[in-house]
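Spelled out, the chains give:
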Amino acid sequence: MDFSPTQEQRQIQEMVAEFVDEEVKPRAAEIDDTDEFPWDLVEQMAELGLMGMPIPEEYGGAELDYHSYAMALEEISRGSGGLGTIVAAHISLACNMIYEFGDESQKETYLTPLAEGEEIGAFALSEAGAGSDVPAMDTTAEPIEGGDAYLVNGGKLWISNGSVADTVVLFAKTDPEAGNKGISSFIVRPEEDDGFIVEGTEHKLGDKGCPTAELRFDDMRLPADRRLGEEGRGFVHALKTLNGGRITIAARGVGIAQAALDEALRYAQDREQFDQPISDFQAIQHKLADMDTKTQAARLLMHQAADKKMAGDSFVKEAAQAKLYASEVSREVANEGIQIHGGYGYTKDFPVERFYRDAKLNEIYEGTSEVLRNTIASELLD
Ligand SMILES: Cc1cc2nc3c(=O)[nH]c(=O)nc-3n(C[C@H](O)[C@H](O)[C@H](O)COP(=O)(O)OP(=O)(O)OC[C@H]3O[C@@H](n4cnc5c(N)ncnc54)[C@H](O)[C@@H]3O)c2cc1C
């Protein structure tokens, strides 16, 4: 049992932390205000090798271990929750789908430009009527031309990076009668595939800068060589991918919690009431102590899940626990961050209200907290 990062892991964290402090933090309020995709920051992250962190070098990635990847995503999310989602959806969902389930030619053609950061990826699973209940999806991919192609019809909702993506990993029913065994996964190229329509993007509480898109597919023809793996394996692909993705949403939670704690620590020592810094009050000290303790505990759960994944063990329960706990902790710590700032915390003059809005999302996407509790309980009872 070793809880300390290696020298290499520490160097990666320091490199990303420096980038975040110098480039991301000064821009975070503006991104939150404009809700515009931060192309320049994504370009800089590509140069630093941060857009394909865990992907092997032969496919354009940086081949980092999952601890380093989680630590880097924690740092990015400490700077901007929206940027955290952009990177998590791009790598953990889109890149990992193609890496895990794509054939050699698909990896060379579609994964490499994603992992190099030349292109942006998205993962289109959810629909208006199919969120937690994935098999309820209505989107179909009907085999045509004697099996040489598919005709896709339907729509997807809530797709992070969906309006800016060059490659979208799509889930659709190839056999609508077969329930979750009738779902297949595909690579879609919005620029090339006629019938791919971006209906619009959501106006959200937080997570600004990462566009959350509604997509529609009208008789969109996909050649058969865009299917990932065998027909009918899409549901399994989605579950496996989301499982790994939960480690990085835990990282996003830990990063936002750390940001709230850092700001609260600074403010508490600065703000004076009753002729003393408010950090002299034991009530404030206890809040800070709880905030740090919860953040550290969430971080350890995140690393435990990463450890299991790297060891090749099942990590379904650990990833669900890390994501569940870090999500709730990020919201709680951000809430106390506002409380320590008093009235100022409720304004946009300080970043703590943004952390609170960004944190809330962690409890909803990639498995709601209720669904994750179901997962953990079923692993316990299995
Ligand atoms: C900003 C944002 C970005 C997103 N990005 C993506 C993306 O990139 N790709 C993608 O495919 N999806 C994405 N999603 C969709 C997200 O994964 C879903 O919103 C989520 O899975 C919940 O589905 P839902 O919104 O339909 O809620 P519902 O499933 O309708 O849930 C509503 C409520 O019922 C509860 N509930 C549902 N089923 C159960 C159950 N069995 N037991 C107990 N409680 C239950 C839920 O926990 C929740 O509280 C994103 C969502 C948001 C908000």
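The structure displayed is predicted, hence computed values, not measured ones. For every chain, the first residue of the written sequence is number 1, and numbering continues from 1 along that sequence. Residues qualify for local features only when their pLDDT is at least 70, as the model is predicted, and side-chain atom pairs are given and counted only at 80 or more; totals for whole chains, interfaces and linings, by contrast, use all residues. Values shown for side chains rest on all heavy atoms present in the structure; no hydrogens or waters enter the calculation.

1. Side note on the overall build of the chain
Here is step 1: A run of DSSP states H or I qualifies as a helix once it reaches four residues; a run of E qualifies as a strand once it reaches two. Both are numbered from the N-terminal end. A tally of helices and strands in the chain yields ten helices and ten strands.
Here is step 2: We take the radius of gyration over the C-alpha atoms and set the globule estimate at 2.2 Å times the residue count to the 0.38 power. Here the C-alpha radius of gyration of the chain, 21 Å, is about what a compact globule of 382 residues would show, namely 21 Å.
Here is step 3: In terms of overall dimensions, the chain has a C-alpha envelope of 80 × 45 × 35 Å along the principal axes.
Here is step 4: For the chain, the distance from the average site of its 34 positive side-chain charges to the average site of its 72 negative ones is 6 Å. Counting rule for charge: Lys and Arg are taken as positive, Asp and Glu as negative, and neither His nor the chain ends is counted. For charged residues, the charge sits on one atom: NZ in Lys, CZ in Arg, CG in Asp, CD in Glu.

2. Some words on the UniProt feature "domain: Acyl-CoA dehydrogenase/oxidase C-terminal" (unreviewed entry) in the chain
Here is step 1: UniProt positions are given in the numbering used here, feature names are shortened, and annotations may be inferred rather than shown by experiment. In the numbering adopted here, UniProt assigns the feature "domain: Acyl-CoA dehydrogenase/oxidase C-terminal" (unreviewed entry) to residues 232-380.
Here is step 2: Secondary structure across residues 232-380 divides into 78% helix and 3% strand, with the first and last C-alpha atoms of the span separated by 28 Å.

3. Quick word on the packing of aromatic side chains
Here is step 1: Note on aromatic contacts: the rings of Phe and Tyr and the six-membered ring of Trp form a pair at centre separations within 6.5 Å, being stacked when their planes are under 30 degrees apart, edge-to-face when over 60 apart, and tilted otherwise. If you walk through the whole model with that rule in mind, you get nine aromatic pairs.
Here is step 2: Summarising the aromatic geometry, the rings of Phe196 and Phe217 are spaced 5.9 Å apart at their centres and angled 55 degrees between planes, so their arrangement reads as tilted. Note that Phe196 is positioned in strand 6 (residues 196-201) and Phe217 in strand 7 (residues 212-223), a separation of 21 residues in sequence. The same class applies to Phe196 as to Phe217, namely buried.
Here is step 3: Among the aromatic side chains, those forming a connected cluster through ring pairs are Tyr267, Tyr344 and Phe350.
Here is step 4: Directly above the ring of Tyr66 sits Lys309, whose terminal nitrogen or CZ lies 4.7 Å from the centroid. A simple rule labels every residue: compare its accessible area, found with a 1.4 Å probe on the protein chains alone, to the largest value its type can have, and call it buried under 20%, exposed over 50%, or partly exposed in between. Ring-over charges, as used throughout, are those where CZ of Arg or NZ of Lys falls within 6 Å of the ring centre and within 35 degrees of the ring normal.

4. Quick notes on the packing of helix 8 (residues 316-341) against helix 9 (residues 352-362)
Here is step 1: Direction vectors running N to C along helix 8 and helix 9 enclose 160 degrees, while the axes themselves pass 8 Å from each other. With respect to helix 9, the axis of helix 8 lies roughly antiparallel. In this structure, the crossing between helix 8 and helix 9 has a hand that is left-handed. Between helix 8 and helix 9, the contacting residues are Lys323, Ser327, Ser330, Arg331, Ala334, Asn335, Gly337, Ile338 and His341 on the first element and Val352, Glu353, Phe355, Tyr356, Ala359 and Asn362 on the second.
Here is step 2: Nonpolar residues are Ala, Val, Leu, Ile, Met, Phe, Trp, Tyr, Cys and Pro. Charged residues are Asp, Glu, Lys and Arg, and all others, Gly as well, are polar. Its residues placed into classes, the contact of helix 8 with helix 9 shows six nonpolar, six polar and three charged. In this analysis, axes come from line fits to C-alpha atoms, helices being fitted only over the stretch in contact, and the angle between any two N-to-C directions falls in the range 0 to 180 degrees. Orientation is classified from the angle alone, with under 35 degrees giving roughly parallel, over 145 giving roughly antiparallel, 65 to 115 giving roughly perpendicular, and any other angle giving oblique. The handedness criterion is simple: a crossing whose near helix is rotated anticlockwise from the far helix by less than a right angle is left-handed, and one whose near helix is rotated clockwise is right-handed. Throughout, a residue-residue contact means that at least one pair of heavy atoms, one from each residue, lies within 4.5 Å.

5. As for the nonpolar core
Here is step 1: Met45, Met53 and Ile247 are the most contacted members of the largest nonpolar core, which has 63 residues in total.
Here is step 2: Breaking this core down by element, the ones donating at least two residues are helix 1 (7-34), helix 2 (39-47), helix 3 (66-79), helix 4 (81-101), helix 6 (234-270), helix 7 (282-311), helix 8 and helix 9.
Here is step 3: A total of 13 residues in this core trace back to one element, the largest contributor, which is helix 6.
Here is step 4: All domain edges in this entry derive from an automatic or database-based domain assignment. The residues that make up this core include at least three from each of domain 1 (7-120) and domain 3 (235-381).
Here is step 5: Here Ile247 is in contact with Tyr66, Ala70, Met302, Ala305, Ala306, Lys309, Phe315 and Ala319, once residues within four sequence places are set aside.
Here is step 6: In these notes, a set of buried Ala, Val, Leu, Ile, Met, Phe, Trp, Tyr and Cys residues joined through side-chain atoms within 4.5 Å is what counts as a nonpolar core. Ile98, Phe101, Ile183 and Ile187 belong to the second largest nonpolar core, which has 24 residues in total.

6. Here we look at the domain arrangement of the chain
Here is step 1: For the chain, the assigned domains are domain 1 (7-120), domain 2 (122-231) and domain 3 (235-381).
Here is step 2: Across the boundary between the two partners, domain 2 contributes 15 residues, which contact twelve residues of domain 3.
Here is step 3: Take a side-chain nitrogen of Lys or Arg and a carboxyl oxygen of Asp or Glu: if they are within 4 Å of each other, that pair is a salt bridge. Linking Asp207 and Arg252 is a salt bridge whose minimum nitrogen-to-oxygen distance equals 3.0 Å.
Here is step 4: We call two N or O atoms a polar contact when they sit within 3.5 Å, provided that within protein one can donate a hydrogen and the other can accept it, with sequence-adjacent residues counted only if both atoms are side-chain atoms. Put simply, domain 2 and domain 3 have four residue pairs in polar contact (both at pLDDT 80 or more) between them.
Here is step 5: Its residues placed into classes, the side of domain 2 that touches domain 3 shows eight nonpolar, five polar and two charged.

7. Comments concerning the site of the ligand
Here is step 1: Contacts to the ligand come from 17 residues, most closely from Ser126, Ser132, Trp158, Thr368 and Glu370.
Here is step 2: A distance of 2.9 Å is found between a nitrogen atom of the ligand and a side-chain nitrogen or oxygen belonging to Ser160.
Here is step 3: The contact in question runs from an oxygen atom of the ligand to an N or O atom on the side chain of Glu370, over 2.7 Å.
Here is step 4: Only strand 3 (149-160) and helix 10 (369-381) provide two or more residues apiece to the shell around the ligand.
Here is step 5: Among the elements that take part in the shell around the ligand, strand 3 stands out by supplying three residues, more than any other. One heavy atom within 4 Å of a molecule or strand is enough for the residue carrying it to be called near that molecule or strand.

8. What about the side chain of Asn362?
Here is step 1: Along the chain, the position of Asn362 falls in helix 9.
Here is step 2: The exposure class assigned to Asn362 is buried, which follows from its relative accessible area of 0%.

9. Considerations on the UniProt feature "domain: Acyl-CoA dehydrogenase/oxidase N-terminal" (unreviewed entry) in the chain
Here is step 1: Per the UniProt entry, the sites bearing "domain: Acyl-CoA dehydrogenase/oxidase N-terminal" (unreviewed entry) are residues 6-118 in this numbering.
Here is step 2: Helix and strand shares over residues 6-118 are 74% and 0% respectively, and the end C-alpha atoms of the span are 30 Å apart.

10. Examining the pattern of salt bridges
Here is step 1: Taken as a whole, this structure holds 26 salt bridges when the rule is applied.
Here is step 2: Between Arg299 and Glu74 there is a salt bridge, with its nearest N and O atoms 2.8 Å apart. Placement of Arg299 in helix 7 and of Glu74 in helix 3 is noted, with a sequence separation of 225 residues between them. Comparing Arg299 with Glu74 shows no difference in burial state: the two are buried.
Here is step 3: Of the charged contacts in the structure, one is a salt bridge between Arg189 and Glu119, with a shortest N-O distance of 2.8 Å. A residue pair is termed long-range when its members are at least 10 positions apart, and Arg189 in the loop between strand 5 (183-188) and strand 6 and Glu119 in the loop between helix 5 (104-115) and strand 1 (121-124) qualify at 70 residues.
Here is step 4: Within the structure, one salt-bridge network assembled from shared partners comprises Glu119, Arg189, Glu192, Asp193 and Arg226.

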